[in-house]
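Notes for the structure review
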Amino acid sequence: MGFSIDLIPRHSPMSPLYNSEMTQTELVKSAAMRSIARSKLLDFIGQNESSSPLPSPSPPSPSFPSPPSSSSSSSSAVSAITPVPDHGEYLMRFSLGTPQVERLAIFDTGSDLSWVQCSPCKTCFPQDAPLYDPTHSSTYMEVACDSQACTVIPQNKRDCGNSRQCIYLQEYGGSSITIGRLGSDTVSFGSTGTGQAATFPESVFGCAFYSNFTFEISSKANGIVGLGPGPLSLASQLGEQTGHKFSYCMVPFSSTSTGKLKFGSYPSQAPTNGVVSTPFVINPSLPSYYILNLEGITVGQKKVLTGQSGGNIIIDSVPILTHLEQRIYADFISSVKEAFNVEAAEDAPNPFEFCVRNPSSMNFPEFVFHFTGADVVLNPNNMFIALDNNLICMTVVPTTGISIFGNWAQINFQVEYDLAAGKVSFAPTNCSSS
């Protein structure tokens with residue numbers, strides 16, 4: 001089966017999050033700061049997982065908040081707390097349950113479990129749409145704590161409720177968490193090309209009854225759709241039904257058209273011209289992320305080598321910026337400055353490191369990211385972003401954590417993930433017309 005879903009840039013006029021009063025500089029800076037937050041989250045997860053002792057064989061301590069009873073009033077249970085993680089530049093719609101209820105969620109290749117906020121809720125972030133009420137769906141079922149779906153959740157991130165239902169905990173760094181019941185229901189997406197929605201019964205998702213976050217998102221979004229490599233992600237659950245493949249084609253966030261998220265062969269995964277592929281690996285410290293190996297970066301006539309071979313850069317749909325380890329970044333930016341031979345703007349807005357003015361008079365060097373087995377040629381529009389006052393800034397910044405290949409570098413590429421073959425493919429594409 002193949003089907004496609006619109007990917008809505010959060011700042012486009014088609015997005016419920018669109019704010020016509022924000023300037024281009026304000027839009028770019030807000031996206032860039034979300035990118036920095038994502039990088040810090042990855043740093044936190046990586047350090048936390050690698051330094052944490054393995055959980056003991058005994059069941060985890062039942063320290064999670066207990067689920068509210070179904071008799072609780074969902075409206076009075078919604079506390080006025082800081083909303084869900086403000087990450088993700090692309091949104092998608094899907095429907096849940098029988099009868100169908102439409103949800104708007106963040107598209108995230110760095111999350112496994114998809115979740116929405118459910119009624120009754122103990123503590124939820126404010127959202128415009130009513131909370132999802134699973135008791136109104138004839139196809140909803142709770143997932144038992146001894147089921148396979150529950151036991152694939154790390155032991156220190158799950159618990160067993162009073163009715164033997166699976167309770168999960170999802171962390172987003174620091175004290176930002178969401179907790180809920182694991183449930184299964186019918187999920188529907190997009191169009192198969194025949195005008196029919198693609199419907200998948202008994203799909204496992206999180207029904208959150210407790211959300212406490214330290215950063216914000218608009219109340220328009222209702223949750224997250226996870227497309228990571230883990231067993232509970234949407235991509236893994238669809239599995240053979242979609243050939244273990246999905247791809248996306250992203251448009252700039254100010255675009256007046258949508259990008260596409262495609263599953264299976266709808267109508268074809270990627271153009272055959274210019275396709276390059278590279279293997280991905282899974283790091284036990286970051287199990288929800290696809291990690292590629294970056295061998296080097298060419299800037300004009302110079303090539304910066306990483307000297308690494310085991311997987312050193314996450315490919316991520318969420319952050320706009322590409323983050324490079326400081327040692328690699330220092331060599332990279334030195335080559336960039338040499339290739340441009342222009343004075344960098346002194347008033348580069350935070351968090352950008354390298355900005356220039358009057359780009360129309362410049363000659364841009366060629367940029368090539370050399371992944372193992374795949375040379376991905378990026379054009380200037382992938383490497384720079386325009387702000388106000390004739391200023392452009394490079395979308396590559398240093399990080400103290402793991403490198404990240406951000407979504408601005410992926411714009412106008414059909415990026416395909418083949419979970420069965422363990423590879424990611426890139427094909428240059430006009431995503432506005434794909």
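Remember, it's a predicted structure, so these values are computed and weren't measured experimentally. (Residues numbered from 1 in each chain as written. Predicted model: local features only at pLDDT ≥ 70, side-chain atom pairs only at ≥ 80, totals over all residues. Heavy atoms only, no water.)

To continue, consider the overall build of the protein. In terms of helices and strands, the protein carries 6 helices and 28 strands. Across the protein, the fraction of contacts at a sequence separation of at least 24, relative to all contacts at a separation of at least 6, is 71%. Entry remark: accessible area of the protein is about 17,600 Å², with carbon and sulfur atoms responsible for 49%. (Helix = DSSP H or I, 4+ residues; strand = E, 2+ residues; numbered from the N terminus. Contact = heavy atoms within 4.5 Å. Areas by Shrake-Rupley, 256 points an atom, 1.4 Å probe, with all protein chains shown as cover.)

Our focus in this paragraph is the sheet that holds strand β16 (residues 294-299). The 4 strands lie next to each other as β17-β16-β21-β22, forming an open sheet whose pairing is antiparallel. Because the sheet does not close on itself, it has two edges, and the strands there are β17 (302-305) and β22 (374-378). For this sheet, the mean inter-axis angle between neighbouring strands, taken without regard to orientation, is 20°. Relative to strand β21 (residues 367-371), β16 runs antiparallel, the two sharing 5 bridges. The residue of β21 that forms the bridge with Leu-294 is Phe-371. Contacting β16, β17 and β21, helix α5 (residues 326-340) crosses the sheet at an angle of about 175° to β17. (Pairing = 2+ DSSP bridges. Axes fitted to C-alpha atoms, helices over the stretch in contact; angles between N-to-C directions.)

Right, let's get into the side chain of Ser-35. By the element assignment, Ser-35 lies in helix α1 (residues 24-51). Ser-35 sits in the buried class, given a relative accessible area of 0%. Within the local environment of Ser-35, its side chain forms a polar contact with the side chain of His-323, the two groups lying 2.9 Å apart. Non-local contacts of Ser-35, meaning those with residues more than four positions away in its chain, are made with Pro-319, Ile-320, Leu-321 and His-323. (Buried < 20%, exposed > 50% of the residue type's maximum accessible area, 1.4 Å probe, protein only. Polar contact = N/O pair within 3.5 Å; in protein donor to acceptor, adjacent residues only side chain to side chain.)

The next thing to look at is the sheet that holds strand β23 (residues 384-386). Taken in spatial order, the 3 strands line up as β20-β24-β23 in an open sheet, and their pairing is antiparallel. In the strand order of this sheet, the two ends are held by β20 (355-357) and β23, each with one partner. Between one strand axis and the next, the sheet turns through 25° on average, direction left out of account. Where β20 and strand β24 (residues 391-394) come together, 3 bridges link them in antiparallel fashion. Among the inter-strand pairings, Cys-355 is bridged to a residue of β24, identified as Cys-393.

Inspection of every chain in the model, using the stated rule, returns 25 aromatic pairs. Three or more aromatic residues joined by ring pairs form one cluster here, namely Phe-3, Phe-94, Phe-107, Phe-189, Phe-200, Phe-246, Tyr-248, Phe-263, Phe-280, Tyr-290 and Tyr-417. (Phe/Tyr/Trp six-rings, centres within 6.5 Å; stacked < 30°, edge-to-face > 60°.)

Looking now at the pairing of strand β15 (residues 286-292). The buried fraction of β15 amounts to 6 of the 7 residues, a majority that puts the element mostly inside the structure. Here strand β14 (residues 281-283) pairs with β15 via 2 bridges, running antiparallel. Bridge assignment links Val-281 to a residue of β15, and that residue is Ile-291. Pairing of β15 with strand β18 (residues 313-315) involves 3 bridges; the strand directions are antiparallel. Note that in β18 the partner of Leu-292 across the bridge is Ile-313.

All right, on to the confidence of the model for the protein then. Scored by pLDDT, the protein has a mean of 85; 85% of the residues are at 70 or more. Across residues 71-85 the pLDDT falls below 50, and counting only partners more than four positions away or on other chains, this stretch makes 45 contacts in the model. (pLDDT = per-residue confidence, 0-100.)

This paragraph deals with the layout of surface pockets. In this structure, the second largest pocket occupies an estimated 270 Å³ of space. In terms of lining, the second largest pocket is formed by 16 residues, of which the most central are Pro-380, Asn-381, Asn-382, Phe-384 and Trp-408. Of all the secondary-structure elements, those providing two or more residues to the lining of the second largest pocket are α6 (380-383) and β23. (1 Å grid on protein atoms, 1.4 Å probe; cavity = no way out; pocket = protein on both sides within 12 Å on 5 of 7 lines; lining within 4 Å. Points joined across faces, edges and corners; volume = space filled by probe spheres on them.)

Turning our attention to the pattern of salt bridges. Any two side chains of opposite charge can pair, on the condition that their charged atoms come close. Throughout the structure, instances matching the rule amount to 9 salt bridges. Asp-108 serves as the salt-bridge partner of Arg-38, at 2.7 Å between the closest nitrogen and oxygen. Here the residue Arg-38 occupies a position in helix α1, and Asp-108 occupies one in strand β3 (residues 101-108), the gap between them amounting to 70 residues. In this structure, Arg-38 and Asp-108 share a single accessibility class: buried. One salt-bridge network, held together by shared partners, links Arg-38, Asp-108 and Asp-316. (Salt bridge = Lys/Arg side-chain N within 4 Å of Asp/Glu carboxyl O.)

Time to look at the pairing of strand β8 (residues 177-189). A large share of β8 lies buried, amounting to 13 of its 13 residues. Bridge count for strand β2 (residues 90-96) against β8 is 2 bridges, and the pairing is antiparallel. In the strand pairing of β8, Ser-95 is matched with Ser-188. By the bridge criterion, 2 bridges tie strand β5 (residues 141-142) to β8 in an arrangement that is antiparallel. Residue Met-141 lies in a different strand from β8, and its bridge partner there is Ser-184. Of the strand pairs in this sheet, strand β7 (residues 166-171) and β8 are connected by 5 bridges, and their pairing is antiparallel. When the sheet's bridge partners are listed, Tyr-168 is paired in β8 with Gly-180. With 12 bridges connecting them, β8 and strand β9 (residues 198-212) associate as antiparallel partners. Its bridge partner being in β9, Ser-188 is matched across the sheet by Thr-199.

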